[in-house]
Amino acid sequence: MEPLIQVQELVKVYRLGEVEVHALRGVSLSIERGEFVAIMGPSGSGKSTFMNILGLLDQPTRGQYLLEGMNGEHLSRDELAEIRNQKIGFVFQGFNLLARTSALENIELPLMYARTSTLKRKEMTQQALSAVGLEGRGHHHPSQLSGGEQQRVAIARALVNQPSILLADEPTGNLDSKTSIEIMGIFQRLNGEMKITIIMITHEPDIASFAKRNILFKDGKVIEDR
Amino acid sequence: MTRLFASLRIALRALMVNKMRSALTMLGIIIGVSAVIAMIAIGSGAKQRIAEQIASMGSNLLMVMSGSSTSGGFRGGAGTVPTLTVDDAKAIQTEIPAVKFVSPSITGVAQVVYGNQNWSTVINGTSPEMLEIRGWSLSSGRSFTQQENDGAAKVCILGRTVVENLFGGIDPIGQIVRIKKIPFVVVGVLFPKGQTTWGQDQDDIIFVPLTAAQKRLFGMAFPGMVRSIAVQAWGPEKVKEAEGQITELLRQRHHIQPSQENDFSVRDLTEVMSSAEQSADVMSLLLGAIASISLIVGGIGIMNIMLVSVTERTREIGIRIAVGAKGRDILLQFLIESLVLSLMGGILGIGIGMVGTLILSSFTKWPTLFSIESILLAFLFAGSVGVFFGFYPARKASLLNPIEALRYE
């Protein structure tokens, strides 16, 4: 069985006016199903670019990215949107919930775009809500929830479509250390009990220590993988 | 279906968040639509009034007027010299198949007295067909009999204005009025027609038998002379045909050489009125066009606000695209939003336009007319303004780059 994620010699070059920025300079690695990976590195090391490519939000300049053996290179915007919807869940540093929209409706969002039936949607949303321990808080709006609770809603949203990978970009960046540990607890449980593959960017070593595998980026290259 | 409903809910929520802004945006459409509704109502009201007046003059009507006099280079107006005769009228009736009714008449102004009241009015000596031709109906009493008409009987039919001025509350039927001191028995009262377009009171009139007018009221130099002949053609398409044939016939009967001018004139009265109707059409088109411009300005307002909204919600759009919204999902969301704005504005505009028009017409006494078509038209126009001006911002939203959109502060 092929690995879940396989990248070979990924290169990403941005043009900022006259200047060419080499965000990735040849990254090769593979990630198996059920792994919990932390990606670390200083800012500008290319880790966010790497995540964007893994999340099919961006395309590499050169190199190959296979997700479940499938190459996303020649797909249209809408086809990529559909794959993101089915296979990838996103958790962001700033939570990125829709304001003035209840937690349940936020969680429901990917299912709306997946054209899931109303009944199924309700059931799956409730499941995701209890997976992050927020039963009974579903009708609160983001402004009525604490930072930790908002991030849990975001995690529930990422989980609701039962994706293959959960991509988290500094999920604890805006949280205090106690709440961060709670969130990491949720990640570990999702990874351990539900066998969800998690790839997480962080620059805090003690957060990274919750993961089973740590990859260190510097200047667009992987310099450590253990 | 559920998706459409969900999109509608998302759109309504987004609009509710900025109530003031949504209301102001809608105001542009409301003003535009209510202006369109009001202008069309006023325009078609005017058109309808003109159509009613055409009907009140009598349909498919031709007036044959006797010719003008010429003495020492001084030319009088049409009808100053009676050149038409009762026999001309009879000839028109019998020889021209396009003609339905013919009624010769002479008119004059005379003082009419009843009791201690008196009134100066138009006396029209004519045959009973005149009522038919000019579209008069009787509100009480009867018309002349043929016998009365031939025998110069002293009977008359009064218009409403005359009745009001002479009789007050008394029933005029059977009463005797004196026209030029000659007693006439009132046999009928006409149903009122109101004013003509040019403000002439059509009800200020008395009909008497032609022969009575000739012999007793307006002594004619030659017996059988009439001032004018009213002719009704069988249908609108026959009017032109009848006009040509009457001219031909009368030239023959009056022995007019090809080089000479007619000593009579034939006028198509409906033509005059239908040109008035056409100008009313042009007027309502013009009013509608001006009102539509304000609707387009309202549409630009929608576009402006939608562009602001797309910019403000860049991050939201980024989130939606990241979790799997396709281009058309985003496009639809914003299109529905602008459509909701414009259609709600349209509904409110229709209401306000109708109320406003009713208030306006109650103050100005302008006739107004609402039609389902004009309301539907305004509503659809508002909707298409929403789609047209909402499309560009919606498309812009659907093409946002998700990475940049998520980073947007």
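Small disclaimer: the values here were computed from a predicted structure and weren't measured.

Engineer: Can you lay out the overall build of chain B for me, pointing to particular residues and giving the numbers?
Structural biologist: Within chain B one finds 13 helices and 14 strands. Compactness check: chain B gives a C-alpha radius of gyration of 33 Å against a globular reference of 22 Å for 409 residues, more than 25% above the reference. The principal-axis extents of the C-alpha atoms in chain B amount to approximately 105 × 55 × 40 Å. Split into buried and exposed, the 409 residues of chain B put 42% on the buried side. The long-range fraction of contacts in chain B, counting pairs at least 24 apart against all pairs at least 6 apart in sequence, stands at 82%.

Engineer: Summarise the packing of helix α2 (residues 19-57) of chain B against helix α12 (residues 372-398) of chain B; cite the residues concerned and give the values.
Structural biologist: Residue and element names in this part refer to chain B. Relative orientation of the contacting elements α2 and α12 amounts to 155°, with a least axis distance of 10 Å. Viewed along their axes, α2 and α12 adopt a mutual orientation that is roughly antiparallel. In terms of crossing hand, the pair formed by α2 and α12 is right-handed. For the pair formed by α2 and α12, the contact residues are Ile29, Val33, Val36, Ile37 and Ile40 on the first element and Ser374, Ile375, Ala378, Phe381, Ala382 and Val385 on the second.

Engineer: Talk me through unusual backbone geometry; I want residue IDs and the actual numbers.
Structural biologist: Here arginine 100 of chain A, not a glycine, exhibits a phi torsion of approximately 55°, which is positive. With respect to the helices and strands, arginine 100 of chain A occurs in the loop between β6 (88-91) and α3 (103-113). By C-beta crowding, arginine 100 of chain A is classed as exposed, having 12 other C-beta atoms within 10 Å. Of note in this structure, histidine 255 of chain B is not a glycine but carries a positive phi near 55°. Relative to the helices and strands, histidine 255 of chain B resides in the loop between α8 (239-253) and β14 (264-268). Taking the C-beta count within 10 Å as the criterion, histidine 255 of chain B has 8 such neighbours and is therefore assigned exposed.

Engineer: Just give me the short version of the environment of valine 86 of chain B, but keep the residues and values in it.
Structural biologist: Position of valine 86 of chain B among the secondary structure elements: in helix α3 (residues 86-95). With 28 residues separating them in the primary sequence, valine 86 of chain B and glycine 58 of chain B have C-alpha atoms 21 Å apart.

Engineer: Just give me the short version of the sheet that holds strand β4 (residues 62-67) of chain A, but keep the residues and values in it.
Structural biologist: Residues and elements named next belong to chain A. Strand order in the open sheet formed by 4 strands is β2-β1-β4-β5, with antiparallel pairing between adjacent strands. The open sheet is flanked by β2 (19-31) and β5 (70-71), the only strands paired with a single partner. As paired elements, β4 and β5 share 2 bridges and run antiparallel to each other. Its bridge partner being in β5, leucine 67 is matched across the sheet by methionine 70.

Engineer: Describe in detail the packing of α3 of chain B against α8 of chain B, supporting the description with residues and values.
Structural biologist: Residue and element names in this part refer to chain B. Put simply, α3 and α8 touch, their axes get as near as 11 Å, and they point 135° apart. Overall, the two elements α3 and α8 adopt an arrangement that is oblique. Regarding α3 and α8, the two cross each other, and that crossing is right-handed. Touching Asp88, Ala91, Ile92 and Glu95 of α3 are Ile246, Leu249, Leu250 and Arg253, all from α8.

Engineer: Account for the pairing of strand β10 (residues 221-225) of chain A, naming residues and giving values.
Structural biologist: All names here are of chain A. Pairing of strand β9 (residues 213-218) with β10 involves 4 bridges; the strand directions are antiparallel. Residue pairing for β10: isoleucine 215 is matched across the bridge by aspartate 225. Here β9 folds back onto β10 in antiparallel fashion, the turn holding 2 residues, of which aspartate 219 has a positive phi close to 50°.

Engineer: Account for the nonpolar core, naming residues and giving values.
Structural biologist: Across soluble globular proteins, nonpolar side chains show a tendency to be buried alongside one another. Ile39 and Ala156 of chain A together with Val36 of chain B are the most contacted members of the largest nonpolar core, which has 123 residues in total. The greatest single-element share of this core, amounting to 16 residues, is contributed by α2 of chain B. Listed in part, the 51 residues of the second largest apolar core include Ala89, Ile92, Ile133 and Phe207 of chain B.

Criteria and thresholds
Residue numbers here run from 1 along each chain, matching the order of that chain's written sequence. Chain letters and ligand numbers both follow the written order, the letters beginning at A and the numbers at 1. Selection of residues for local features in this predicted model requires a pLDDT of at least 70, selection of side-chain atom pairs for listing and counting requires 80 or more, and totals for whole chains, interfaces and linings are taken over all residues. Going along the chain from the N terminus, every DSSP run of H or I of four or more residues is numbered as a helix, and every run of E of two or more is numbered as a strand. Only the C-alpha atoms count toward the radius of gyration. The rule for a globule is 2.2 Å times the residue count to the power 0.38. Once C-beta atoms are placed from the backbone, each residue is buried if 20 or more other C-beta atoms lie within 10 Å of its own, exposed if 12 or fewer, and partly exposed for counts between those two. Contact between two residues is assigned whenever their backbone-derived C-beta positions fall within 7 Å. Axis definition: a line fitted to C-alpha atoms, limited for helices to the stretch in contact. Angles are taken between N-to-C directions and run from 0 to 180 degrees. Roughly parallel means an angle under 35 degrees; roughly antiparallel, over 145; roughly perpendicular, 65 to 115; everything else is oblique. Two helices cross in a left-handed way if the nearer one is turned anticlockwise from the farther one by less than a right angle. They cross in a right-handed way if the turn is clockwise. Here, any two strands with at least 2 DSSP bridges between them count as paired. Think of a nonpolar core as buried Ala, Val, Leu, Ile, Met, Phe, Trp, Tyr and Cys residues chained together by C-beta atoms that fall within 7 Å.

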